[in-house]
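Topology and contacts: notes
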Amino acid sequence: MSRSEELFARALEVIPGGVNSPVRAFRSVGGTPRFIASANGSHIVDEDGKTYLDFIGSWGPMILGHNHEGVRRKVLEACMDGLSFGAPTEREVIMAELICSMVPGMEMVRMVNSGTEAVMSALRAARGYTGRDKIIKFAGNYHGHSDSILIKAGSGVMEGGVPDSSGVTRGATADTLSAVYNDLSSVEEILDQYPEQIAAIIVEPVAANMGVVPPAEGFLQGLRDLCTKHGVVLIFDEVITGFRLAAGGAQEYFGIQADLVTFGKIIGGGMPVGAYGGKKEIMSVISPLGPVYQAGTLSGNPIAMAAGIEMLTILKENPSIYTGIRETGEYLFNGIQAILDETGAPCTMNHVSSLGNIFFTPDPVVDYTSAQKSDTAAFGRYFHYMLDNGVHLGPSQFEAMFVSAAHTREDIDQTLELIRKYFTK
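The following refers to the structure shown. (Residues numbered from 1 in each chain as written. Predicted model: local features only at pLDDT ≥ 70, side-chain atom pairs only at ≥ 80, totals over all residues. Heavy atoms only, no water.)

**A word on the packing of aromatic side chains**
This model, assessed by the stated rule, comprises 16 aromatic pairs. When the ring of Phe 243 is compared with that of Phe 263, the centres are 5.0 Å apart and the planes differ by 40 degrees; the resulting orientation is tilted. Taken together, the residues Phe 243 in the loop between strand E8 (233–237) and helix H8 (249–254) and Phe 263 in strand E9 (residues 260–263) connect sequence positions 20 residues apart. The buried category is assigned to Phe 243, whose relative accessible area is 1%. Members of the aromatic cluster, joined through ring pairs, are Phe 26, Phe 360, Phe 379, Tyr 382, Phe 383, Tyr 385, Tyr 422 and Phe 423. The ring of Tyr 331 has Arg 409 sitting right over it, with the charged end atom 3.9 Å from the ring centre. (Phe/Tyr/Trp six-rings, centres within 6.5 Å; stacked < 30°, edge-to-face > 60°. Helix = DSSP H or I, 4+ residues; strand = E, 2+ residues; numbered from the N terminus. Buried < 20%, exposed > 50% of the residue type's maximum accessible area, 1.4 Å probe, protein only. Lys NZ or Arg CZ within 6 Å of the ring centre and 35° of its normal.)

Written as structure tokens, this is what we have:
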């Protein structure tokens, strides 16, 4: 029995499903999850001592690579001062100033502890600001596990959301309405059906939780225009795209400005942290300035702030990093596309800059319905082939590959050679 198998067996006795986040359990691909002992640069090492080329990067935030020396040093220095105070610190101010200086339209920002908490708080702020109750999300977009946002995709965009998890009441999701990603007409239908009742539209500017699905031309601008016309708060969920597509995130990359933006672990160099912010007039409804309550003892934790300040400063002062990861991403994903074309594999390659993935369907993937056509069993076989040959991918058809600044051309060539062998065997 391998060390990972031994640890998983122990974990199953004391942790639900043996994991602390569902996708780690390998349920959609089968087999035993690898328990990771260490990581550095573009590689991770499991408890059995096997090294893998990693394209998960802790689900995105390791944009500089694992265990970056500068970030690690700042964390260790901060630990010497204490781990948590439950009181304001200078680092919180520096971090807020840094984020506001980098993100378009970011006038005020509030630190929280996760992307889920950031989304939950941003939606509450939007409701408090507008005095309206309903929100629109998109089928296949994931915004964390807070009750009001966990609704079934469904095709009935005119109906109140049906809970997508046991333990979530219909009342909690009744004001959440689901539209079709990349389909502005589905949004217009809801806005017409519920005039002056929609508080916010929340969207992943690049969908990255149903696989990577880029926004269609004009889609994000269309959302911006509809929100302006109807007095609706536009929220970009940039837990994945923030500080990855550009220093200013998807807003900078696509040239579209949202009213509120949410961030996750990427602003803390992978540590447990999140943030939401945007227009001052909206953020001013947050307590203690306004009537919308939101609080957290660990919000602005000094260790997470130290990590985030260092990483964001590096990204801000070195724009060539973005050029590099974009070129590396395009080299990988265009290389995969060439292999698919040459071999006639029934797959579709989607990517945006340093984000991408292979869908095991020959049809274009533009929304949740088309993503669901994927052959997940075929993906599972591909996943295990790559894992057995030392490449660590997300254990689900519907997860992105993340390219970091630590990935080299040698890493990519190695990966492409494995993929070529798989599709020509």
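**Details of the layout of surface pockets**
Of the voids in this model, the second largest pocket is the one considered here, and its volume is about 430 Å³. Surrounding the second largest pocket, 21 residues form its lining, Pro 88, Glu 92, Arg 110, Ser 299 and Gly 300 being those nearest its centre. Where the lining of the second largest pocket is concerned, the elements lending two or more residues are helix H3 (90–102) and strand E4 (108–112). Here the lining of the second largest pocket is composed, by residue class, of 10 nonpolar, nine polar and two charged. (1 Å grid on protein atoms, 1.4 Å probe; cavity = no way out; pocket = protein on both sides within 12 Å on 5 of 7 lines; lining within 4 Å. Points joined across faces, edges and corners; volume = space filled by probe spheres on them. Nonpolar A, V, L, I, M, F, W, Y, C, P; charged D, E, K, R; others polar.)

**A word on the packing of helix H6 (residues 184–193) against helix H7 (residues 219–230)**
Packed helices, taken two at a time, are described by the angle between their axes plus the distance between the axes. Packing of H6 against H7 brings their axes to within 10 Å, and their N-to-C directions diverge by 15 degrees. When the axis of H6 is compared with that of H7, the two are roughly parallel. Crossing of H6 over H7 shows right-handed handedness. The segment H6 lies against H7, with Leu 184, Val 187, Glu 188 and Leu 191 engaging Phe 219, Gly 222, Leu 223, Leu 226 and His 230. Its residues assigned to classes, the contact of H6 with H7 shows six nonpolar, two polar and one charged. (Axes fitted to C-alpha atoms, helices over the stretch in contact; angles between N-to-C directions. Parallel < 35°, antiparallel > 145°, perpendicular 65-115°, else oblique. Left-handed = near helix turned anticlockwise from the far one by under 90°. Contact = heavy atoms within 4.5 Å.)

**What about the environment of Ala 295?**
Considering the arrangement of structural elements, one finds Ala 295 in the loop between helix H9 (280–283) and helix H10 (302–317). Taking the C-alpha atoms as reference points, Ala 295 and Met 111, separated by 184 residues in sequence, lie 9.5 Å from one another.

**Concerning empty space enclosed by the protein**
Here the structure, examined in full by the defined rule, presents two cavities of 30 Å³ or more. Roughly 80 Å³ of volume is contained in the largest cavity. Taken together, Asn 357, Ile 358, Phe 379, Tyr 382, Leu 393, Gly 394, Ser 396, Glu 399, Ala 400 and Met 401 form the lining of the largest cavity. When residues of the lining of the largest cavity are traced back to their parent elements, those giving at least two are strand E12 (355–359) and helix H13 (376–388). Among the residues forming the lining of the largest cavity, the class breakdown is six nonpolar, three polar and one charged. In this model, the second largest cavity occupies a volume close to 60 Å³. Contributing to the lining of the second largest cavity are 13 residues, with Asp 54, Gly 57, Met 62, Ser 404 and His 407 lying nearest its centre. Residue composition of the lining of the second largest cavity, by class: four nonpolar, seven polar and two charged.

**Section: the sheet that holds E12**
If you trace the three strands from one edge of the open sheet to the other, you get E11-E12-E14, paired in antiparallel fashion. This sheet does not close on itself; its edge strands, each paired only once, are strand E11 (348–352) and strand E14 (401–402). Relative to E14, E12 is paired through two bridges, and the arrangement is antiparallel. Looking across to E14, one finds that Gly 356 is bridged to Met 401. (Pairing = 2+ DSSP bridges.)

**Considerations on the packing of helix H11 (residues 320–343) against helix H14 (residues 409–424)**
Where H11 contacts H14, the axes come no closer than 10 Å and their chain directions differ by 15 degrees. Considering their axes alone, H11 and H14 lie roughly parallel with respect to each other. H11 and H14 meet at a crossing whose hand is right-handed. Contacts between H11 and H14 involve Thr 328, Tyr 331, Leu 332, Gly 335, Ile 336, Ile 339, Leu 340, Glu 342 and Thr 343 on the former and, on the latter, Arg 409, Ile 412, Asp 413, Thr 415, Leu 416, Ile 419, Arg 420, Phe 423 and Thr 424. Residues of the contact of H11 with H14, tallied by class, amount to nine nonpolar, five polar and four charged.

**Digging into helix H4 (residues 115–130)**
The end-to-end C-alpha distance of H4, which contains 16 residues, comes to 22 Å, matching closely the 22 Å that a straight helix rising 1.5 Å per residue would cover. Buried residues of H4: Gly 115, Thr 116, Glu 117, Ala 118, Val 119, Ser 121, Ala 122, Leu 123, Ala 125 and Ala 126, and no others. In the stretch just after H4, Gly 131 is the one whose phi turns positive, near 75 degrees. (Expected span 1.5 Å × (residues − 1).)

**Some points on the pairing of strand E7 (residues 198–203)**
Counting buried positions over the six residues of E7 gives six, a clear majority of the element. Looking at chain direction, strand E5 (residues 134–138) and E7 are connected through three bridges and run parallel. In the strand pairing of E7, Ile 136 is matched with Ile 201. Strand direction decides the pairing type here: E7 and E8, joined by four bridges, are parallel. Bridge pairing in E8 links Val 203 to Phe 236. You can see the chain leave E7, run along H7 and come back into E8, and the turn it takes is right-handed. (Right-handed = clockwise from strand over helix to strand, strands pointing away.)

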